[in-house]
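Inside the fold
Listed here are the chains, written in short residue letters.
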Amino acid sequence: MSTVPHASHWGSFTAVRAADGTVGVRPHPDDPDPSALLANLPVAATGRARVLRPHVRRGWWEDGPGPDARRGRDELLAVGWDELLDRVAAEYRRVLATDGPAAVFGGSYGWASAGRFHHAQSQLHRFLNCLGGATRSSHTYSHGTAEVLLPHVVGSLEPLISPTAWSVVEASTDLVLAVGGLPAKNAQVASGGISRHEVAGRLRAARARGAEFVLVSPQRDDLAAELDADWLAVVPGTDAALLLAMSHVLVTEGLHDEDFLRRCCAGTEEFLASLRGEDDGVEKTPDWAAALTGVDAGRIRALARRAAAGRTMVTLSWSVPRARYGEQPLWAAIAFAALLGQIGLPGGGFGHGYASTGGVGRRAGSLALPTLPQFGDPLRRRIPVARIADALLAPGAEYEVDGRTETYPRLRLVHWAGGNPFHHHQDLQRLQRAFAAADTVVVHEPFWTSTARHADVVLPSTTTMERVDLGAARYDDRIVAMGRVHAPLGEARDDYAALAALADRLGVGERFTEGRTAPEWVEHLYEQWREGPAARAGVEAPPYAEFVAAGELPLPPEPVEKVLFASFRADPQRHPLRTPSGRIELHSDVVAGFGYDDCPGHPVWRAADEQPDAAFPLHLVANNPASRLHSQLDHGATSQASKVAGREPLRMHPADAAARGLVAGQVVVVRSRRGSCLAGLVPSAELREGVVQMSTGAWFDPVAGAQAGVTCGHGNVNVLTTDVGTSRLAQGCTGQHAVVEVAAHEGPRPRVTVFDQPVTGGS
Ligand code: PGD
C-alpha cells in the first residue's frame, strides 16, 4: 500500500493505492467538513470511461478538415500519437497560413483540475501564444455578468473576489439576507483546491451567536436547515423586483441612510425616481412586487424594516445573475445595501458569491502563487465566453458587449483542453450545429465526455493522479506537493507532453518547453516561487525535496480581517472607488449612454423573455450539482449514487407531481422549446410549487436519446436551456433558468451509454 498527498477542487486528500492497483481517498486530517465528492475520484483510476488511446473521427481522417454535420455521430478510429499529431500540425499550418491565428479558437473554458503547472488552459494558452495567439474568451460562466457590471457600479471586482471576511460576518452580522442562498454544496468546491471546508462552521457559529438568516430562493435547501432561516420562496427570476420593492419601503418609510448616500453614492436621484416610477410609470411598491415574486407584500415590508433594524449583510449567489437580465438583481442588491448605509461597516453591506465556492470570504492571500509563464497573448482577440455557439455559427456577424460593437471572427480550428462545453453550454443541439461549422475540433480529455465525442481529434490526457504538481489556490492556506498516485492509463499523456510534441512539429518546441520535462517544470516553478514571492513575503519555504517529503507547506494567515470598502466609507475623497464618480453608482451615466433597453442605467426589473405557459408551465432551476463538480467524474461513486433509475434526478413539488400522476423513482421526460431529456423523479417539498430543479453536469447522451425520441437519454439539463446572453451589457451565461413541462416517459427506456467506451474502428 502506498499513500500520496494530493489536491482537488473539492479538497486536499491522501490517495491510498492498494497492492491490486485500486485507489482510495482519505480526506485531509485538518479538514473539518470534507467533501463527499472525494468519493468520485477512485473511478478515474479504473479505466472506466477513460480515453485510453488517441482517436480521430473517420470523416476528418479520410476526407480532411471542413464543416461536417457528422461530428458527434461519426465513427472514431484509434490511431498512433505520432501520425495523429503530424496531421494536427499540418492543420495548424494550413489554418494559420490561410486565416491567421484569429481563426483558431483557444478559449477552452473550463475548470480542468487542481495543480498549478498542469492546469490545462494555462498549458494550451502558453502553446497558442508561442504560435502568435488565438481567439480567446473573456469572463466566466460562473460570474461573467458581475465581471462586466461591477466595474461600472463599484469600480472593481472586490465584492466578488474578496468581500468582507467570513470571520467578520460570523462575529458582527445580525441578519444575513441570502438572495440565492448559501448552498453548502457549492461551498464544498473552490477552484484550484481547498484544504479546509469552513463555510458550514462559520454559518453555524454566526447562528449560535444570534445572527438570523433570511433565504430568498425557490428552493428551501439553498440554506442549511440548522440555520432556521425564514424562507421567501420567490418565483425564479424575480429577485430584482423584490429588492427594488424593499428599497422602495426603505425610502418611503425614511429608513434609508441619507448621509451614506450623499457621501458615498452617485446617481441616487435617478434611482429613487425610478423607484417612484418616474421612468416607466410603475411605482416599485411591495404590492407591485408581490404579484411578480409570489411573496406577500406584508412580508416584503417586514423584511425591509428588519434589514434596517440591525447590521445586515446582503449576499447574492453567483447563480442568480446567471439568467436573462441577470445584471439587474446584482445591481438591485447593491442599491438596497447602499440605501441601508452599512457598506464598509463590519458585518454589513453586501457580498457576491459567499458560499458560491468555498473560497469567497476566506483569506484572500496577497502572496503570489507559483505560476506557469504565458508569454502574453499577442493577438488579444476575445469573445464573451458564453457566446461560443454564436461565434461559430455567424462568422463576421456584429454583436454588442459593454458599450462596444465587435465582430465574430471566422473560427476554423477549435482547440479545447480542460473544459466540457457539451455539458456547460446552453442549448446543446445548437452547440452541435455550431461545432459542425468548424473545420477541425481538437480536444484533450482524460474521459469520454460528450465534448470528446464531438471532436475530430481526441488526445488522451492524464488525470492529476498520474502526475506530480503543486496544489495551491488564492484562498487556500497551504501548498500541497501533489504526488503521482499511479502510472498513466493506456497511452494517456500529460497535456504538456502532447502540446510539447505538437509545438516541436510547428517549430516552437524549444520556446514552449524551455528544455524542461514536466517534473523539472514543477520543481522550477516551486523554486522560483520560494526564492521570489515567498522570500519577499517572509515565508520560510524549504527546498523542493524537503517540501515534497513534508507533503505540504502551510502559508501564513492573512493578518487583516477584511471589511469590504471600509476605507472608502471612512474617507471617500481619499479612497475613491474606480468608477467615474469615485462613488457607488446607483445610476451609471456610462451604462445609460450605451442605450441598451435590456440594461438601462440603473437597476430595473425585467421579466425573462420566456415565461411559463400552457405548453411549458413549470419554471426549471438548472443549478450546480451536489454530487459532483459540474460534469467532473459523473461516473464516480457519489454522483452515481444520486441518480434515479440511472438518470439525473429531477426534483418537483409533490403537488405538481400528483397533478401529473407522477411518482417517486419514475423515469420522466422533461421538455422545453429547445429539446428534451429523461430524468428520474424526486418529489420534494423543498421547492416552491410550480418550480422543478435539475442539476447541470450529467454527461450528454444524445445517442441513447435519439432512440428514445428525446434529445438526451441521461439527463443533461442544457438540452433545455436557452443560448442567449444576459443582455447587451455583459452577454453573460443564462443557463440557470428555463420553462419546461414534465411527463411520464412511455416506451422502452434507452440504456445510458455515455460512460461506455465508444464503438471505434482501427485506421
Ligand atoms: P467541468 O465539468 O468542470 O465543467 O463548465 P466546465 O467546462 O468547467 O469540465 C472540466 C473538464 O476538464 C472535465 O471534462 C474534466 O474531465 C476535464 N479535465 C480535468 N482535468 C483535466 C486535465 O488535466 N487535462 C484535460 N485536458 N482535461 C481535464 C462549468 C460551467 O458550467 C460553470 S463554471 C458554470 S458556473 C456554469 N453553470 C451552469 C448553470 O448554473 N446552469 C446551466 N444550465 N449551465 C451551466 N454551465 C456552466
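Residues numbered from 1 in each chain as written. Predicted model: local features only at pLDDT ≥ 70, side-chain atom pairs only at ≥ 80, totals over all residues. Heavy atoms only, no water.

**Focus on the overall build of the protein**
A tally of regular secondary structure across the protein gives 27 helices and 30 strands. Rg of the C-alpha trace for the protein: 25 Å, near the compact-globule value of 27 Å for 763 residues, within the 12% margin. The dimensions of the protein, computed from C-alpha atoms along their principal axes, are 75 × 65 × 50 Å. In the protein, which comprises 763 residues, the proportion classed as buried is 63%. Counting only contacts in the protein whose residues sit at least 6 apart along the sequence, the fraction spanning at least 24 positions is 76%. Of the accessible surface of the protein, which amounts to about 25,500 Å², a share of 51% is contributed by carbon and sulfur atoms. Counting 74 positive and 86 negative side-chain charges, the protein places the averaged centre of each group 2 Å from the other. (Helix = DSSP H or I, 4+ residues; strand = E, 2+ residues; numbered from the N terminus. Rg over C-alpha atoms; globule rule 2.2 N^0.38 Å. Buried < 20%, exposed > 50% of the residue type's maximum accessible area, 1.4 Å probe, protein only. Contact = heavy atoms within 4.5 Å. Areas by Shrake-Rupley, 256 points an atom, 1.4 Å probe, with all protein chains shown as cover. Lys, Arg positive; Asp, Glu negative; His and termini not counted. Charge placed at Lys NZ, Arg CZ, Asp CG, Glu CD.)

**Quick word on the sheet that holds strand β8 (residues 175-179)**
On the basis of which strands lie adjacent, the open sheet formed by five strands has the order β10-β9-β8-β12-β13 and parallel pairing. A strand with exactly one partner marks an edge of an open sheet, and here the two such strands are β10 (230-232) and β13 (349-352). Going across the sheet, the axis of each strand differs from the next one's by a mean of 20°, ignoring polarity. For β8 and strand β12 (residues 312-316), the ladder comprises five bridges, and the chain directions are parallel. (Pairing = 2+ DSSP bridges. Axes fitted to C-alpha atoms, helices over the stretch in contact; angles between N-to-C directions.)

**Some thoughts on the site of the ligand**
If you check the shell around the ligand, you find 33 residues, and the closest are S113, H424, E445, R467 and S631. The separation between an oxygen atom of the ligand and a polar side-chain atom of S631 is 2.5 Å. In the model, an oxygen atom of the ligand is placed 2.9 Å from a nitrogen or oxygen of the Q736 side chain. The fraction of the free accessible surface of the ligand (920 Å²) that becomes covered by protein chains is 98%. In terms of residue class, the shell around the ligand is made up of eight nonpolar, 21 polar and four charged. (Near = heavy atom within 4 Å. Polar contact = N/O pair within 3.5 Å; in protein donor to acceptor, adjacent residues only side chain to side chain. Nonpolar A, V, L, I, M, F, W, Y, C, P; charged D, E, K, R; others polar.)

**Some thoughts on the domain arrangement of the protein**
Frequently, the measure chosen for interface size is the accessible area removed from exposure when the parts meet. Annotation of the protein at the domain level lists domain 1 (55-138 + 380-474 + 478-554), domain 2 (149-360 + 571-593) and domain 3 (618-744). Each of domain 1 and domain 2 was reduced to a C-alpha centroid, and the two centroids are 37 Å apart. Domain 1 puts seven residues into the contact, and the matching count from domain 2 is 10 residues. In this assembly, domain 1 packs against domain 2 so that about 630 Å² is buried in total across both faces, 58% of it on carbon and sulfur atoms. Here domain 1 is connected to domain 2 by zero salt bridges. Across the domain 1-domain 2 interface, the total number found is two residue pairs in polar contact (both at pLDDT 80 or more). Of the residues contributing to the side of domain 1 that touches domain 2, the split by class is four nonpolar, no polar and three charged. (Domains from an automatic or database assignment. Buried area = accessible area lost by both parts, 1.4 Å probe. Salt bridge = Lys/Arg side-chain N within 4 Å of Asp/Glu carboxyl O.)

**Brief notes about the sheet that holds strand β29 (residues 737-744)**
The strand order β24-β28-β25-β27-β26-β29 describes a closed barrel built from six strands, whose pairing is mixed. Across the sheet, the mean angle from the axis of one strand to that of its neighbour is 45°, orientation sign disregarded.

**Examining the packing of helix α9 (residues 239-252) against helix α14 (residues 327-340)**
Contact geometry of α9 with α14 gives a least axis separation of 8 Å together with a crossing angle of 20°. Comparing the axis directions of α9 and α14 gives the class roughly parallel. You can see that α9 and α14 cross each other, and the crossing is left-handed. Contacts from D239, A240, L243, L244, M246, S247, L250 and V251 of α9 reach α14 at Q328, P329, A332, A333, F336, L339 and L340. Tallied by class, residues from the contact of α9 with α14 come to 12 nonpolar, two polar and one charged. (Parallel < 35°, antiparallel > 145°, perpendicular 65-115°, else oblique. Left-handed = near helix turned anticlockwise from the far one by under 90°.)

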